[in-house]
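Topology and contacts: notes
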Amino acid sequence: MTSRYVRQLLGFAGVVLLGLPQAGLAEVRHITLEEAIHLAVSQNRALKIARLKVEENREKKAGERSSYFPRLTNQSNILHVTDLEAVAIPAGGFGHIGSTLIPPVGVSLLQGNKTVYSSGTMLSQPLTQLIRVRQQNRIAAAEVAISRDDVKKAENEIAVQVHTLYYGILIAELQKKAAEQQTEYANENLRESEEDIRNGSALKVAAIGRRADVLESQQSILTADLQIADLKTELYDLLGISFDTQLELDPGVPTNFDNLDKAQYLKIAWTENPEIVAAEDTVKKARAAVAAAKTTYIPDITAYARQSYQDGIPFLPHNFGTFGLSLNYDVFDFGKRRANVRAQEDALAEAEENLRKLKDDVAVSIEQSYNKVKRTKTMVDVAHQVVALRDETDRLAGNQLTYGVVQVAERRQASAARYKAQADLLQTSLGYLLARAELDQAIGRTPGL
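Residues numbered from 1 in each chain as written. Predicted model: local features only at pLDDT ≥ 70, side-chain atom pairs only at ≥ 80, totals over all residues. Heavy atoms only, no water.

Looking only at helices and strands, one finds 9 helices and 10 strands in the chain. Within the chain, buried positions represent 35% of all 449 residues. In the chain, of all internal contacts separated by at least 6 residues, the share reaching a separation of at least 24 is 80%. When the accessible area of the chain is evaluated, it comes to approximately 26,800 Å², of which 55% is carbon and sulfur surface. (Helix = DSSP H or I, 4+ residues; strand = E, 2+ residues; numbered from the N terminus. Buried < 20%, exposed > 50% of the residue type's maximum accessible area, 1.4 Å probe, protein only. Contact = heavy atoms within 4.5 Å. Areas by Shrake-Rupley, 256 points an atom, 1.4 Å probe, with all protein chains shown as cover.)

Listed below in structure tokens is the structure:
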């Protein structure tokens, strides 16, 4: 029963491994952490969408800026009326000469034509509206800045995700090596137990326990393979590269960092954190919106000059010009303007409160990340000591195996423990580096760049 279960597990592992990208069939690409971050920042689709949003807002701002300048418009019409008013002149309406009436009979004179053609080209310059236009341009500029802040925030988040996946793959690969060493140790231990059973120096139950150890170590290898495959799939998607590409990660990761105190980190965050900067830009936008809402109480005065042509309107020449000022003002709107101003003032208060909240949140995040960096650095120091002890144990076990003091299984157990210690060291080291990346993200800098 146990042997059949082993065969089934190994068969399932083979199927999974066949489904993983094969190095001989796919392009092998060596990539460092910094290269992966640059690749993600340049190719990630979410970032491309965010950058297009910046361009969209820039074009909107250009459209708002054009409102400062005069507009040249043309209005042309063709109009047909069903009837015209006539001027009736009765007989003798203009008097008489002797007995002759002027006119001798009644006359009906039509005014204009039933079909009227008109065309006018007008140059208009807003005057009082420029106050509102200025505020609308401020709103558009704030939207451009907010979209740029969103790009920066997205870049920082992408960089942290790359750190997490990159480090996760390195850790899983080293854990797999440790599991392979554990499997070799378990197989050797099983072989020695079976020899002891044949020699009559051990019971069969010992071999059953050793077979269970083999299965558990093989399961650990399979779990590591599945984890590596999932992490690489997520990393490929984040980097925007083909799933056929086989990545080879560089285990050399950065270890030199600037060590600042918390007050310095906070000072940097107030000026560089994209969420805080975006919140400040949102406050500027809300203030401009309040000022723009108040301008609705100012009459719209426009200066204009117009050249017109008409055919069919009585008492006007075909071509004539007009110029002057036009005024437009809503005398009473049942409180609509007042409600709009109050709504914008509430939006401003909301934006200011959100800015204060974000500063508090960032301060908490920096406090947590700063403490996490200190704790993980201590854990790295302890892990280094464990690795040193495991290396020495493995060296001594090798010497003892040479002189026949220990068996092969014990040497393999020491080797497996050494690999596990190395995997733990890498995990704690990368946990420290990830904490540094999170601290960089909290202050508004792109980790790894």
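Still more ground to cover, so stick around.
What is expected of a backbone is that most residues other than glycine have negative phi and most peptide bonds are trans. A positive phi angle, close to 60°, is found at Phe334, a residue other than glycine. Looking at the element boundaries, Phe334 is found in the loop between β10 (319-328) and α8 (336-402).

Summarising the element assignment, Gln310 is placed in strand β9 (residues 300-311). Residue Gln310 is classed as buried on the basis of its relative accessible area, which comes to 2%. Separated by 3.1 Å, the side chain of Gln310 and the backbone oxygen of Pro317 make a polar contact. (Polar contact = N/O pair within 3.5 Å; in protein donor to acceptor, adjacent residues only side chain to side chain.)

So, on to helix α6 (residues 262-272). Of the residues making up α6, those classed as buried are Tyr265, Ile268 and Ala269. Projection of α6 onto a plane perpendicular to its axis shows the buried side chains occupying an angular sector of 105°, all on one side. Seen from the open side of α6, the exposed residues pointing more than 90 degrees away from its buried face are Ala263, Lys267 and Thr271. (Arc of directions from axis to C-beta.)

Working definition: an aromatic ring pair is given by the centre-to-centre distance plus the angle between the planes. In the structure shown here, the tally under the stated rule is 4 aromatic pairs. Seen from their ring centres, Tyr265 and Tyr370 are 6.0 Å apart, and the 65° between their planes marks the pair as edge-to-face. Here Tyr265 is found in helix α6, whereas its partner Tyr370 is found in helix α8, with 105 residues between them in sequence. Lying over the aromatic face of Trp270, Lys359 brings its terminal NZ or CZ to 5.7 Å of the ring centre. (Phe/Tyr/Trp six-rings, centres within 6.5 Å; stacked < 30°, edge-to-face > 60°. Lys NZ or Arg CZ within 6 Å of the ring centre and 35° of its normal.)

All right, on to the packing of helix α2 (residues 33-43) against helix α3 (residues 45-65) then. Here α2 crosses α3 at 50°, and the two axes come no closer than 6 Å. The angle between α2 and α3 places the two elements in the oblique class. In this structure, α2 uses Ala40, Val41, Ser42 and Gln43 to contact α3, whose residues at the interface are Arg45, Leu47, Lys48 and Arg51. For the contact of α2 with α3, a count of residues per class yields 3 nonpolar, 2 polar and 3 charged. (Axes fitted to C-alpha atoms, helices over the stretch in contact; angles between N-to-C directions. Parallel < 35°, antiparallel > 145°, perpendicular 65-115°, else oblique. Nonpolar A, V, L, I, M, F, W, Y, C, P; charged D, E, K, R; others polar.)

Attention shifts here to the confidence of the model for the chain. Low-pLDDT portions of the prediction should not be read for the details of their coordinates. Taken over all residues, the pLDDT of the chain has a mean of 84, while the share at 70 or more is 87%. The spread of mean pLDDT over the elements of the chain runs between helix α1 (residues 2-19), the lowest at 39, and helix α7 (residues 274-294), the highest at 95. (pLDDT = per-residue confidence, 0-100.)

Structurally, Thr302 is set in strand β9. A polar contact of 2.8 Å, which involves the side chain of Thr302, links it to the side chain of Gln129. Leave out the neighbours within four places in its chain, and Thr302 touches Ser124, Gln125, Pro126, Gln129, Gly324, Leu325 and Ser326.

Secondary-structure assignment places Glu59 in helix α3. Its relative accessible area of 59% is what places Glu59 among the exposed residues. Along the sequence, Glu59 and Ala140 sit 81 residues apart, while their C-alpha atoms lie 9.4 Å from each other.

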